[in-house]
Amino acid sequence: FVGVRMANRSPAEKARDDSVAAADSAQRARKQRVTDMIVVGQMLVKRRLKDPESAQFGDQWVGGKDGTVFCGLVNAKNGFGGYNGEQLYFGAGDLVVLNSDLNDMAPEQRKVMEALREDCRTRFVP
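The structure contained in this document is the topic of the report that follows. (Residues numbered from 1 in each chain as written. Predicted model: local features only at pLDDT ≥ 70, side-chain atom pairs only at ≥ 80, totals over all residues. Heavy atoms only, no water.)

Structural notes on the sheet that holds strand S2 (residues 69-75)
This is how it is decided: Between any two strands, at least two bridges found by DSSP are needed for them to pair. By the criteria applied, helices consist of DSSP H or I runs no shorter than four residues and strands consist of E runs no shorter than two, each listed in order from the N terminus. Only the stretch in contact is used when fitting a helix axis, every axis being a line fitted to C-alpha atoms; angles between N-to-C directions are given from 0 to 180 degrees. The criterion used for residue contact is that any of the two residues' heavy atoms lie within 4.5 Å.
If you trace the 4 strands from one edge of the open sheet to the other, you get S1-S2-S3-S4, paired in antiparallel fashion. Edge positions in the sheet fall to strand S1 (56-63) and strand S4 (95-98), since each of these pairs with one other strand and no more. Each strand of the sheet is rotated relative to its neighbour by a mean of 20 degrees, with strand direction disregarded. Across 5 bridges, the pairing between S2 and strand S3 (residues 87-92) is antiparallel. What sits directly across from Leu73, in S3, is Leu88. Packing against the sheet, helix H2 (residues 11-48) makes contact with S1, S2, S3 and S4, and its axis sits at approximately 130 degrees to S1. Along the sheet, helix H3 (residues 107-118) contacts S2, S3 and S4; its crossing angle with S3, the most-contacted strand, is approximately 100 degrees.

Printed below as a string of structure tokens:
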């Protein structure tokens, strides 16, 4: 009976079903993009650490109105073998900045990075 019903759908029903399927597919793609960005962010952070295997990631999210910035918290061992404490990291593309990096930046560069960090205040919801 279900197969008969599917075959006898009106053009309007088919269009509605196609629209729902397209919206679901787009939603899944946005969620996957967020997951992928978080994974890339973690990988880039680990590349920066003295002891990448010690990385303990806390909250992870994608920020900004358009979801273009990956953000998260990380705690990792320093060169003396102790944990530094959780700190914010953020980035886009292949750029990652640990919050502690800001202190060592030139004022112009720091201003740009602080603007990028601000996007972490808005969580992107796919």
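Some details on the pairing of S1
Inspection of the sheet shows S1 paired to S2 by 6 bridges, in the antiparallel sense. Residue pairing in the sheet places Phe57 in a bridge with Val74 of S2. Two successive antiparallel strands, S1 and S2, enclose a turn made up of 5 residues, where Gly64 displays a positive phi of approximately 90 degrees.

Structural notes on the environment of Ala26
For the record, the criterion: Note on exposure labels: buried denotes an accessible area under 20% of the residue type's maximum, exposed denotes more than 50%, and partly exposed covers the range between, all computed with a 1.4 Å probe on protein chains only.
Mapped onto the elements of the fold, Ala26 is located in helix H2. Note on Ala26: relative accessible area 32%, which makes it partly exposed. Considered as a pair, Ala26 and Glu86 are 60 residues apart in the sequence and their alpha carbons are 34 Å apart.

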